[in-house]
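A closer look at the structure
Residues per chain, in single letters:
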Amino acid sequence: MHTAAINEVVILGGGTAGWMAAASLARYFEGRDATITLVESESIGTVGVGEATIPSIRNFNASLGIDELAFIRATGATFKLGIDFVDWRRKGTRFFHPFADFGQPLNGVPFHHYLSRLQNSALEDFSFVTQLALKGRFAQPHSEPPTPLAAYGYAYHFDAARYADYLRQYAEQRGVRRIEGQVDEVVQNRDTGDIEALRLESGQRVGGQLFIDCSGFRGLLIEQTLKAGHDDWRRWLPCDSAVAVQAAGMDEPTPYTRCTALDCGWQWRIPLQSRTGNGYVYSQAFCHDEQARSTLMERVPSPLNEPRHFRFTAGPRRKIWIKNCFALGLASGFLEPLESTSISLIQTGISKLLSFFPESGFNEHDRDEVNRLHHHEFERIRDFLVLHYKATERDDTEFWRYCQAMPVPDSLAHKMALFEHRGHILQHEPEAFEPDSWLSVYWGMGKRPAHYDIRADKIPAEQLQQELEKMRRVIAQASAQPMSHRDFIDKHCAMERDA
């Protein structure tokens, strides 16, 4: 057991992960004696396409004391109320995954059981956020909503590079030192294997006690040096490539991400204030690069740049904490951006680091628990993503026929069976997505339980119909009141065009 106090931290890599880590550690050590150094090279660059988030990003920014409107102006952000899924169940269908619940429980029984009882499929009519989003409107939730129907979350679409720059300014103002350079050698202790320093191509030696690997897919420290290993989940998540391109901004940016199922994968559309992010996530086993590029470009009006291709393998690093090295971001593993979890995984990785920070030295039990939590989180998100593919009714291409037929993890098979039998939405704590997130996908993909909770019969049918109609009417009226998403941004947080 290493018992020295840890207050010399070296972060390898900038980008979103590196500067999120630097900002968080600067805040963590505020008022204490510590040295935080970030090493990055502008010549290496970053992936930089993670532009959509989930509501937890607001907690992260709040933990740093960041002003929301100033952040939105600086990053060219728009608001995100959820994700619109097009052509996933079959061509010509759509469903919405909102950052909110559907309806509200009645007599302690989850709302969807009442819809099952009445054989009512109009789930989205009972979501204020869904109706708000599909009308192109936005309003911030009230701090004390008058009814549970008005309680909801929201996230952002933002320029990942601008966000990294924003956090860099935050971190450097709080004493983080940035060094420009590329690593030539990772210096390890001959006896313990711990990392002692990074030797740069310039000859500079950067020493530390704790090393944070934010070097991206290559995992220079956690993988190339410490051989953590990586689990390959392509048998469940077959997409392993993406091509991305930027397009002109939308006159009326939608307050949601759109994910459209295509022949060999899916396309994202992410509206920012100044431009629109687009990409095609696909499987090389079913689609070659030029075919994917051509498909995307046919669907993107007014492209602003040449498309960029990316390769990835879905799955986690087997360990994210080995010896005195902790991996974050793409260095810790990757799951495709179908539900916008990439930046969230950086955030939860930082949370694990701070919860188990080796204040008085490194402890193997701490490392074991962090690695266990890391795998648990990846597996829970994996199951949610796989559900989108497995539950499809599409059989029009070889890719979708594969997805229909593929075996799924036992944990997901169990969840699906419980829902299809009795409408029960199983949660494994901690779970990355709430029950109504799962419900949005089950319902949107046409899955209905064979049986509903018998307690839903306690409300007389006529009274229940009246209650639901009142709820639907209130939501329809309330969602028509707020200003448009564009007008809200223009009034409160339009970016500076020369920023």
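Our structure's up above, just so we're on the same page.
Note that the structure is a prediction, hence the values are computed from the model and not measured.

**As for the overall build of the protein chain**
Helices and strands together make up the secondary structure of the protein chain, namely 14 helices and 20 strands. A compact globule built from 499 residues should have a C-alpha radius of gyration of about 23 Å, and the protein chain, at 23 Å, falls within 12% of that. Seen through its principal axes, the protein chain has C-alpha atoms that stretch 75 × 50 × 50 Å. Here the protein chain, with 499 residues, has 56% of them falling under the buried criterion. For the protein chain, restricting intrachain contacts to residue pairs at least 6 apart in sequence, the fraction spanning at least 24 positions comes to 76%. In the structure as shown, the protein chain presents an accessible area of about 20800 Å², 46% of it carried by carbon and sulfur atoms. Once the 55 positive and 65 negative side-chain charges of the protein chain are each reduced to a mean point, those two points are 3 Å apart.

**Structural notes on the sheet that holds strand 9 (residues 195-200)**
Ordered in space as 8-9-10, the 3 strands form an open sheet in which the pairing is antiparallel. Looking at which strands have only one partner, the edges of the open sheet turn out to be strand 8 (183-188) and strand 10 (205-207). Direction aside, neighbouring strands of the sheet carry axes that sit 20° apart on average. Relative to strand 10, strand 9 runs antiparallel, the two sharing 3 bridges. Within strand 10, the position partnered with Ala-197 by the bridge is Gly-207.

**Structural notes on the packing of helix 1 (residues 15-28) against helix 8 (residues 342-355)**
Between helix 1 and helix 8, whose axes approach to 10 Å, the crossing angle comes to 35°. As helix 1 packs across helix 8, the resulting crossing turns out to be right-handed. Between helix 1 and helix 8, the contacting residues are Thr-16, Ala-17, Met-20, Ala-21, Ser-24, Leu-25 and Tyr-28 on the first element and Ile-343, Ile-346, Gln-347, Ile-350, Leu-353 and Leu-354 on the second.

**Quick word on the packing of aromatic side chains**
Scanning all chains against the criterion turns up 39 aromatic pairs. Between Phe-85 and Trp-88 the ring centres are 5.9 Å apart and the planes differ by 85°, which places this aromatic pair in the edge-to-face class. Accessibility classification places Phe-85 together with Trp-88 in one group, the buried group. Relative to Tyr-389, the ring of Trp-88 has its centre 5.5 Å away and its plane inclined at 65°; by these criteria the two rings are edge-to-face. One end of the pair, Trp-88, is in the loop between strand 4 (82-86) and strand 5 (94-98); the other, Tyr-389, is in helix 9 (residues 364-390), with 301 residues separating them in the sequence. Judged on exposure class, the residue Trp-88 and its partner Tyr-389 are both buried. Its end group placed over the ring of Tyr-170, Arg-174 keeps NZ or CZ at 3.6 Å from the ring centre.

**Considering helix 11 (residues 410-422)**
With 13 residues, helix 11 extends 18 Å from end C-alpha to end C-alpha; this agrees with the ideal 18 Å at 1.5 Å per step. Ser-411, Leu-412, Lys-415, Met-416 and Phe-419 are the residues of helix 11 that are buried. Axial view of helix 11: buried residues confined to an arc of 130°, hence all on one face. In this fold, the buried residues of helix 11 make contact with helix 4 (112-118), helix 9 and helix 12 (435-444). Backbone geometry just downstream of helix 11 places Gly-423 in the positive-phi region, at approximately 75°.

**Section: the packing of helix 9 against helix 12**
One can describe the packing of helix 9 onto helix 12 by two numbers: an axis separation of 9 Å at closest approach and a directional angle of 20°. By the angle between their directions, the pair helix 9 and helix 12 is classed as roughly parallel. The interaxial crossing formed by helix 9 with helix 12 has left-handed handedness. Residue-level inspection shows Arg-380, Asp-383, Phe-384, Leu-387 and His-388 of helix 9 in contact with helix 12, the latter providing Ser-437, Trp-438, Val-441 and Tyr-442. Split by residue class, the contact of helix 9 with helix 12 holds 5 nonpolar, 2 polar and 2 charged.

**A word on the nonpolar core**
Counting residues in each nonpolar core, the largest one holds 145 residues, and the members touching the most others are Ile-11, Trp-88 and Tyr-389. In this structure, Ile-11 is in contact with Gly-18, Ala-21, Ala-22, Leu-25, Ile-36, Thr-37, Leu-38, Val-39, Ile-212 and Cys-214, ignoring residues within four places of it in sequence. Within the second largest apolar cluster, 11 residues are counted, among which are Val-243, Val-245, Cys-264 and Val-300.

**Some details on the sheet that holds strand 5**
Here 7 strands make up an open sheet; going across it, the order is 5-4-13-14-15-12-16 and the pairing mixed. The open sheet has two edge strands, strand 5 and strand 16 (308-311), and neither has a second partner. Averaged over all neighbouring strand pairs, the angle between strand axes comes to 20°, with direction disregarded. Relative to strand 15 (residues 275-282), helix 7 (residues 289-299) is tilted by about 145°, and along the sheet it contacts strand 12 (241-248), strand 13 (257-262), strand 14 (265-271), strand 15 and strand 16.

**Observations concerning unusual backbone geometry**
Of the consecutive residues Glu-429 and Pro-430, the connecting peptide bond is found in the cis state with omega at -10°. Mapped onto the secondary structure, Pro-430 falls in the loop between helix 11 and helix 12. In this structure, Asp-87 is a non-glycine residue whose phi angle is positive, near 70°. Locating Asp-87 in the fold gives a position in the loop between strand 4 and strand 5. The phi dihedral of Ser-302 is positive, around 55°, even though this residue is not glycine. Among the structural elements, Ser-302 can be located in the loop between helix 7 and strand 16.

**A look at the environment of His-376**
As for its placement among the helices and strands, His-376 is situated in helix 9. Overall, the relative accessible area of 15% leaves His-376 in the buried class. Each C-alpha atom, one on His-376 and one on Glu-431, is 8.8 Å from the other, the two residues being 55 residues apart in sequence. Each residue touching His-376, except ones within four places of it in the same chain, is listed here: His-428, Glu-429 and Pro-430.

**Comments concerning the environment of Glu-379**
Summarising the element assignment, Glu-379 is placed in helix 9. In this structure the C-alpha to C-alpha distance between Glu-379 and Gln-209, which are 170 residues apart in sequence, comes to 31 Å.

Rules and cut-offs
Sequence order as written defines residue numbering, which begins from 1 separately in each chain. Side-chain atom pairs in this predicted model are given and counted only at pLDDT of 80 or more, local residue features only at pLDDT of at least 70, and totals for whole chains, interfaces and linings cover all residues. Side-chain numbers here rest on the full set of heavy atoms in the structure, without hydrogens or water. The numbering of helices and of strands both runs from the N terminus, where a helix is a DSSP run of H or I of at least 4 residues and a strand a run of E of at least 2. Taken over C-alpha atoms, the radius of gyration is set against a globule rule of 2.2 Å times the number of residues to the power 0.38. Note on exposure labels: buried denotes an accessible area under 20% of the residue type's maximum, exposed denotes more than 50%, and partly exposed covers the range between, all computed with a 1.4 Å probe on protein chains only. Contact definition: two residues touch when any of their heavy atoms are within 4.5 Å. Note that accessible areas follow from Shrake-Rupley with a 1.4 Å probe, and for residues the cover is restricted to the protein chains shown. Charged residues are defined here as Lys and Arg on the positive side and Asp and Glu on the negative side; His and the ends of the chain fall outside this count. Charge placement uses NZ in Lys and CZ in Arg. For Asp and Glu, CG and CD serve respectively. Here a strand pair is declared whenever DSSP counts at least two bridges between the two strands. Axis angles are defined between N-to-C directions and span 0 to 180 degrees, where every axis is a line fitted to C-alpha atoms and, for a helix, only to the segment in contact. Note on convention: the crossing is left-handed when the near helix lies turned anticlockwise from the far helix by less than a right angle, right-handed when the turn is clockwise. Note on aromatic pairs: the rings of Phe, Tyr and Trp (six-membered ring only in Trp) are paired at centre separations within 6.5 Å, and the planes decide the class, stacked below 30 degrees, edge-to-face beyond 60, tilted for the rest. Definition used: whenever NZ (Lys) or CZ (Arg) falls within 6 Å of the ring centre and also within 35 degrees of the ring normal, the charge is taken to sit over that ring. Here the expected length of a helix is defined as 1.5 Å per residue gap, with one fewer gap than residues. Arc definition: it is the arc formed by the directions from the helix axis to the C-beta atoms. For classification purposes, angles smaller than 35 degrees are called roughly parallel, those larger than 145 roughly antiparallel, those between 65 and 115 roughly perpendicular, and all remaining angles oblique. In this classification, Asp, Glu, Lys and Arg are treated as charged, Ala, Val, Leu, Ile, Met, Phe, Trp, Tyr, Cys and Pro as nonpolar, and every other residue, Gly included, as polar. In these notes, a set of buried Ala, Val, Leu, Ile, Met, Phe, Trp, Tyr and Cys residues joined through side-chain atoms within 4.5 Å is what counts as a nonpolar core.

These results come straight from atomic positions and should not be treated as a statement about function.
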